[in-house]
Amino acid sequence: MMVILGLLTSFLSFLYVIAPSIRKFFAGGVCRTDVQLPGKIVVITGANTGIGKETARELARRGKSLHFHVHRAAPPAFLTARVYIACRDVLKGESAASEIRADTKNSQVLVRKLDLSDTKSIRAFAEGFLAEEKQLHILINNAGVMMCPYSKTADGFETHLGVNHLGHFLLTHLLLERLKESAPARVVNLSSVVHIAGKIRFHDLQGEKRYSRGFAYCHSKLANVLFTRELAKKLQGTGVTTYSVHPGIVRSELVRHSFLMCLLWRLFSPFLKSAREGAQTSLHCALAEGLEPLSGKYFSDCKRAWVSPRARNNQTAERLWAVSCELLGIQWK
């Protein structure tokens, strides 16, 4: 036993010595576009922490105040991007927004209440936003839950399906006309490489017959890819494009519901992406020029990536769309 522990300790020590080289390899792609966002309106869900917070920080930085003269006799006009942090915990949101405002010198980082586990909250957020803003250029569906014990949302949906898929499905539906009116516009949906292990089990979509917290997360991430794929088809010709994203394996609070995952994350933290590194592919899909022909595709490390055969199944995507509309009580053709 002592020999095994000694070997394990030596191996871990070796890993930590070479950690900088490994970290450099796993850091992944970098968003290299210099596109700026004066006057643009952005909504990011779950941006009070982690990847979402770093995405909001960079978008706010690119949208800080610029001024120009409309004509010689006119006073300067100011264009500042407004970045909305839409999150469940408003206090944490305000703390994040205050930090981002100080860091970027962009005062227009705003916080609004949004609980994706409650369709009433989603509708209230959308109603308030549409009354407040006449445009929306970028919607980033970033928030999510991972490996939760079996539970249901306020509307009776299994939590992973309800928050990760149905919540963002409804939010996008409610904001879509504003996106179309503001075209060119983009929708970015955060998924994960674990969509490969996912399956849309229509006979047990809510996990009531058989439930695994790990696979429930995988199923919801597959749903994100399929939603993006079908959404792109329905958006053709509107000027709105959409992309699904694998951010990488990132040090974040997402694993908080699993003791084992928290332990593994702590053990291997030197090799995981930082939140800033994890935000790069979201930023690439939100900003990079020339991505329009790739609407509906899946990205990792700032480039198009392979998806599983299940994620390419058009029949499954169409059926999931129809079932999602039925569950949410909406009509979206």
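So, how was this worked out
- Residues numbered from 1 in each chain as written.
- Predicted model: local features only at pLDDT ≥ 70, side-chain atom pairs only at ≥ 80, totals over all residues.
- Heavy atoms only, no water.
- UniProt positions renumbered as here; feature names shortened; annotations may be inferred.
- Helix = DSSP H or I, 4+ residues; strand = E, 2+ residues; numbered from the N terminus.
- Contact = heavy atoms within 4.5 Å.
- Areas by Shrake-Rupley, 256 points an atom, 1.4 Å probe, with all protein chains shown as cover.
- Pairing = 2+ DSSP bridges.
- Axes fitted to C-alpha atoms, helices over the stretch in contact; angles between N-to-C directions.
- Salt bridge = Lys/Arg side-chain N within 4 Å of Asp/Glu carboxyl O.
- Buried < 20%, exposed > 50% of the residue type's maximum accessible area, 1.4 Å probe, protein only.
- Expected span 1.5 Å × (residues − 1).
- Arc of directions from axis to C-beta.
- Polar contact = N/O pair within 3.5 Å; in protein donor to acceptor, adjacent residues only side chain to side chain.

- Labelled according to an unreviewed UniProt entry, the protein appears under the name NADP-retinol dehydrogenase, originating from Myotis davidii.
- Its UniProt record, at the heading Pathway (unreviewed entry), says of the protein: "Cofactor metabolism; retinol metabolism."

1. A word on the overall build of the protein
Part 1 of the reasoning: Counting its secondary structure elements, the protein contains eleven helices and ten strands.
Part 2 of the reasoning: In the protein, the proportion of contacts linking residues at least 24 apart, taken out of those at least 6 apart, comes to 77%.
Part 3 of the reasoning: Of the accessible surface of the protein, which amounts to about 16200 Å², a share of 58% is contributed by carbon and sulfur atoms.

2. Let's talk about the sheet that holds strand S9 (residues 298-300)
The pairing of strands in a sheet happens through backbone hydrogen bonds and is either parallel or antiparallel.
Part 1 of the reasoning: Taken together, eight strands build an open sheet; the order of strands is S5-S4-S1-S6-S7-S8-S9-S10 and the sheet is mixed. The open sheet is flanked by strand S5 (109-113) and strand S10 (303-304), the only strands paired with a single partner.
Part 2 of the reasoning: As defined by bridge partners, strand S4 (residues 82-87) adjoins S5 across five bridges and the pair is classed as parallel. Along S5, the bridge assignment pairs Ala86 with Arg112.
Part 3 of the reasoning: Together, S4 and S5 form the strand contacts of helix H4 (residues 90-104), whose direction differs from that of S5 by roughly 175°.

3. Some thoughts on the pattern of salt bridges
Part 1 of the reasoning: Evaluated as defined, the whole model comprises 17 salt bridges.
Part 2 of the reasoning: Among the ionic pairs, Arg62 bridges to Glu58, the shortest N-O distance being 2.9 Å. Of this pair, Arg62 and Glu58 both sit in helix H3 (residues 50-62), four residues apart, which is roughly one turn of that helix.
Part 3 of the reasoning: Glu292 is the partner of Arg186 in a salt bridge, and the nearest nitrogen-oxygen pair spans 3.2 Å. In this pair, Arg186 sits in strand S7 (residues 185-190) while Glu292 sits in the loop between helix H10 (280-287) and S9, placing the two residues 106 residues apart along the sequence.
Part 4 of the reasoning: Take Arg186: its relative accessible area is 8%, and that puts it in the buried class.

4. Looking at helix H11 (residues 314-328)
Part 1 of the reasoning: With 15 residues, H11 ought to run about 21 Å at 1.5 Å a step, and its terminal C-alpha atoms sit 21 Å apart, in line with that.
Part 2 of the reasoning: Considered for burial, the residues of H11 that qualify are Thr316, Ala317, Leu320, Trp321, Ser324, Cys325 and Leu328. Here the buried residues of H11 occupy an arc of 165° about the axis, which is enough to place them on one side. Opposite the buried face of H11, at more than 90 degrees from it, the exposed residues are Gln315 and Glu326.
Part 3 of the reasoning: If you follow the buried residues of H11, they end up packed against helix H5 (119-132), helix H6 (159-181) and helix H7 (213-234).
Part 4 of the reasoning: The N-cap of H11, judged by a side-chain oxygen 3.0 Å from the amide nitrogen of Gln315 a few residues on, is Asn313.
Part 5 of the reasoning: Positive phi shows up at Gly329, right after H11, with a value of about 70°.

5. A closer look at H5
Part 1 of the reasoning: The terminal C-alpha atoms of H5 lie 20 Å apart, and with 14 residues this matches the ideal 20 Å at 1.5 Å per residue to within 8%.
Part 2 of the reasoning: The complete set of buried residues in H5 reads Thr119, Ser121, Ile122, Phe125, Ala126 and Phe129. Projected down its long axis, H5 carries its buried residues within an arc of 155°, all on one side. In H5, those exposed residues whose orientation departs by more than 90 degrees from the buried face are Lys120, Glu127 and Ala131.
Part 3 of the reasoning: Tucked into the core, H5 has its buried residues touching strand S1 (41-45), S4, S5, H6 and H11.

6. Here we look at unusual backbone geometry
Generally, phi is negative for residues other than glycine and the peptide bonds are trans, each holding for most cases.
Part 1 of the reasoning: The amide bond that connects Ala183 to the next residue, Pro184, takes the cis arrangement and shows omega of 5°.
Part 2 of the reasoning: Considering the arrangement of structural elements, one finds Pro184 in the loop between H6 and S7.
Part 3 of the reasoning: A positive phi is found at Met147, a non-glycine position, where the angle reads about 55°.
Part 4 of the reasoning: Judged by relative accessible area, Met147 falls into the buried class, the value being 16%.

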